[in-house]
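Fold and contact review
The primary structure of each chain is shown beneath.
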Amino acid sequence: VLPVVLSGAGLSADAPSNAPLGNELRNGYLNALLLASATDQSKADIETDDLWTGGLDTWRLEVLLRILQRVIGESALAPLSVVVAGRPNDAHTLAAQLLSMPSAPRVHLTLNFDDYVERAIESGTGTTPESVTLQDCERLKALVCEDWQALRVPVVVHLHGRVVRDGAMRFPGLIATLDQI
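Residues numbered from 1 in each chain as written. Predicted model: local features only at pLDDT ≥ 70, side-chain atom pairs only at ≥ 80, totals over all residues. Heavy atoms only, no water.

A closer look at empty space enclosed by the protein
Under the counting rule described, the total for this entry stands at 1 cavity of 30 Å³ or more. Around the largest cavity, the lining residues are Leu11, Ser12, His92, His108, Thr110, Asn112, Asp114, Val117, Glu118, Val156 and His158. Only strand E2 (107–110), helix H6 (116–125) and strand E4 (155–158) provide two or more residues apiece to the lining of the largest cavity. Grouping the constituent residues of the lining of the largest cavity by class yields 3 nonpolar, 6 polar and 2 charged. (1 Å grid on protein atoms, 1.4 Å probe; cavity = no way out; pocket = protein on both sides within 12 Å on 5 of 7 lines; lining within 4 Å. Points joined across faces, edges and corners; volume = space filled by probe spheres on them. Helix = DSSP H or I, 4+ residues; strand = E, 2+ residues; numbered from the N terminus. Nonpolar A, V, L, I, M, F, W, Y, C, P; charged D, E, K, R; others polar.)

Some remarks on the layout of surface pockets
Considered as a void within the structure, the largest pocket measures approximately 320 Å³ in volume. Every residue lining the largest pocket is counted, 19 residues in all, and those nearest its centre are Ala9, Gly22, Leu61, Leu111 and Phe113. If you list the elements that add at least two residues to the lining of the largest pocket, you get helix H1 (22–35) and helix H4 (61–71). It is H1 that provides the largest number of residues to the lining of the largest pocket, a total of 4 residues. There is about 180 Å³ of room inside the second largest pocket. Asp115, Glu118, Arg119, Glu122, Thr128, Pro129, Ser131, Arg162, Val163, Val164 and Arg165 together form the lining of the second largest pocket.

Regarding helix H5 (residues 90–100)
Residues of H5 that are buried: His92, Ala95, Ala96 and Leu99. Relative to the axis of H5, the buried residues are bounded by an arc of 100° and lie together on one face. Projecting away from the buried face of H5 at angles above 90 degrees are the exposed residues Asp90 and Leu94. Residues of H5 that are buried make contact with strand E1 (4–7), E2 and H6. At the N-terminal end of H5, a side-chain oxygen is found 2.9 Å from the backbone nitrogen of Ala91, two or three residues along, and the residue is Asn89. (Buried < 20%, exposed > 50% of the residue type's maximum accessible area, 1.4 Å probe, protein only. Arc of directions from axis to C-beta. Contact = heavy atoms within 4.5 Å. Polar contact = N/O pair within 3.5 Å; in protein donor to acceptor, adjacent residues only side chain to side chain.)

Some details on the sheet that holds E1
The 4 strands are arranged E1-E2-E4-E3 in an open sheet whose pairing can be described as parallel. Sheet topology places E1 and strand E3 (130–133) at the edges, where each strand pairs with a single neighbour. Taking the axes of each pair of neighbouring strands and ignoring which way they run, one obtains an average angle of 20° across the sheet. With 4 bridges joining them, E1 and E2 adopt parallel strand pairing. The residue of E2 that forms the bridge with Val5 is His108. (Pairing = 2+ DSSP bridges. Axes fitted to C-alpha atoms, helices over the stretch in contact; angles between N-to-C directions.)

Examining the pattern of salt bridges
A full pass over the atoms with the stated rule returns 3 salt bridges. Where Arg119 meets Asp115, a salt bridge forms, and the shortest distance between an N and an O atom there is 2.9 Å. For the pair Arg119 and Asp115, a shared accessibility class is recorded, and that class is buried. In this structure, Arg139 engages Glu130 in a salt bridge whose closest nitrogen and oxygen atoms are separated by 2.6 Å. A relative accessible area of 21% means that Arg139 is categorised as partly exposed. (Salt bridge = Lys/Arg side-chain N within 4 Å of Asp/Glu carboxyl O.)

Looking at the environment of Ser131
Here Ser131 is to be found in strand E3. Along the sequence, Ser131 and Val156 sit 25 residues apart, while their C-alpha atoms lie 4.8 Å from each other. Those residues in contact with Ser131 that sit more than four places away from it in its chain are Glu118, Asp136, Val156, His158 and Arg162. Polar side-chain contacts of Ser131 include one of 2.7 Å to the side chain of Glu118.

Remarks on the packing of H5 against H6
One way to put it is that H5 packs onto H6 with a least axis distance of 8 Å and a crossing angle of 65°. For the crossing formed where H5 meets H6, the hand is right-handed. Mapping the contact onto sequence places His92, Thr93, Ala95, Ala96, Leu99 and Ser100 in H5 and Tyr116, Val117, Ala120, Ile121 and Thr125 in H6. Considered class by class, the residues forming the contact of H5 with H6 number 7 nonpolar, 4 polar and no charged. (Left-handed = near helix turned anticlockwise from the far one by under 90°.)

The quantities given are spatial measurements derived from coordinates; they are silent on function.
Here is the structure:
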């Protein structure tokens, strides 16, 4: 049994992180891509369409991003940099403290794209945590079989992928859908 800490997108919503929730990101993408380039008439048509008015909440962010990545390419994901523009908040610090305790779970499963928990761990302990996505299949299989108490550093598993800031923006593991998870 591998005890884990699990977090969702709400973890990063509070200041000073102020990361947008998935629905906000999705709506921002749709508005920017569809409404910003639409004519007045097509904008009126879009805004009154049943799919837009009644079904927008069924459009999953990770599915939309996957489609945009395939159609437009990596540049379509650049607006995701907004999720790493802030600083870790109190919830990230608390998660980092929990993950850094000797007898606590050392694995954090998150639906977040951001690296705030990793930054909070580094800031609080000086330790660089291991950060993986679903692309790291072999490492994930090994984690399930390992003695979690033997883990020397916390491991953060980004189930939907993540945004990495290392000079250039990179998006490893993006975009894993719930079906893949």
